[in-house]
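Spelled out from the first residue to the last, the chains are:
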Amino acid sequence: MESLVNLESFVKSAELAGFSSAARRLGLTPAAVSRNVAALEANLGVRLFQRSTRRLTLTEAGERFLQSVVGGLESIQAAIAGVSADHATPAGLLKVSLAPGFGMDYILPMLPAFRARYPQVKIDWHFENRHVDLIAEGYDAAIGGGFDLTPGVVARELARAHVVAVAAPAYMKGRKPPKRPEDLGGFDCIGMRSPQTGRVRNWALRGGRGRETALPLDPQITLNDPDAICRAARMGLGVAMVAMPNALADLEAGRLLRLLPGWYADLGPISLYFSSRSQMPGKLRAFVDFVTEQFRRQDLTKRFSAI
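Structural notes, computed from the coordinates. Please read these numbers as outputs of a predicted model, since none were measured by experiment. Each residue is numbered by its place in its chain's sequence as written, counting from 1. Where local features are concerned, this predicted model is filtered to residues with pLDDT of at least 70; where side-chain atom pairs are given and counted, the filter is 80 or more; whole-chain, interface and lining totals use all residues. Think of the side-chain values as coming from all heavy atoms in the structure, minus any hydrogens and water.

## Describing the packing of aromatic side chains
Heads up, the rule is: Aromatic contacts are taken between Phe, Tyr and Trp rings whose centres are within 6.5 Å, Trp giving its six-membered ring; a plane angle under 30 degrees counts as stacked, one over 60 as edge-to-face, and the others as tilted. The numbering of helices and of strands both runs from the N terminus, where a helix is a DSSP run of H or I of at least 4 residues and a strand a run of E of at least 2. Only protein chains enter the calculation, and the probe is 1.4 Å; a residue is then buried if its accessible area is under 20% of its type maximum, exposed if over 50%, and partly exposed in between.
Scanning the entire structure with this criterion turns up 13 aromatic pairs. Consider the rings of Phe19 and Phe49, whose centres lie 6.1 Å apart with planes at 85 degrees: the pair is edge-to-face. Here Phe19, found in helix H2 (residues 19-26), pairs with Phe49, found in strand E1 (residues 49-51); they are 30 residues apart in sequence, far enough to count as distant. We classify Phe19 as buried; its relative accessible area is 16%.

Right, here's the structure in full:
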């Protein structure tokens, strides 16, 4: 009877095309994964991979073997997870990628309650302005927007990323509030330069009855960080287009005013991304359920909405 760990090492190495990627996914060292695959090949008496310094590719026999075992292995893993799920305490290292501003403002404050509930889960959170490859880089989850749903990854929407026009009360003092998007052309503008593309963002606002119009903005100040844009707006430097999560605390405290309340831009969903594996680890299931629960308790989905 072949060892389950040898089969898991083989399947993950085949799926991720490398021992190192498989090791990150399985929580092993690359050397251990390589030994497990070599032991499997020795037990079967057949070579499953062609190895080179750059690539790991399946042999013809390896292709056939993978197709034969992958479904059965998933069933065994699901059965093991199902039997232990009701009794297992979530534990292990939880590696999560978070958009910096959003993560620090909304997810990091959840950490004390999460740790109190699940003390055996160790935290490894990365605050970064990039879209990680969850499976290849060994992340359990990511929270943000705009991730590609690569094979094996699913998304649970938490809220919409609505963008609104804001300005400081001091800046608006003595100025006539705009009634239409076209009116913003007469105001000082704080522009957003995309960290990904390097281009200044152009905005098209949606209004009632399906209306949409481009904003006639000519930025006098251009920044590439949403938190810096909010701070510049608070300083009274002009009108800024800011996502509701970034502006929420300032809007609720009166430090910023929302202009054109009937208009907004929609950047798409803010989502919790994770692997679609049938046997979700207890630590990951606990995290997904906890974040979803906190969004509901804090009414964040509604508070982030510009509608």
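Back to the write-up after that little detour.
## So, the pattern of salt bridges
Put simply, the test is: By salt bridge we mean one thing: a side-chain nitrogen of Lys or Arg within 4 Å of a carboxyl oxygen of Asp or Glu.
What the rule picks out here adds up to 16 salt bridges. The shortest N-O distance in the salt bridge between Arg117 and Glu293 comes to 3.2 Å. With a gap of 176 residues between them, Arg117 in helix H6 (residues 111-117) and Glu293 in helix H11 (residues 282-297) connect regions that are remote in the sequence. Overall, the relative accessible area of 38% leaves Arg117 in the partly exposed class.

## Quick look at the pairing of strand E11 (residues 239-243)
Rules: Pairing between strands requires that DSSP locate at least two bridges from one strand to the other.
Burial of E11 is extensive: 5 of the 5 residues sit out of reach of the surface. Note: strand E6 (residues 153-167) against E11, 4 bridges, orientation antiparallel. Bridging across to E11, Val163 finds its partner in Ala243. Across 2 bridges, strand E7 (residues 189-192) lies against E11 in parallel orientation.

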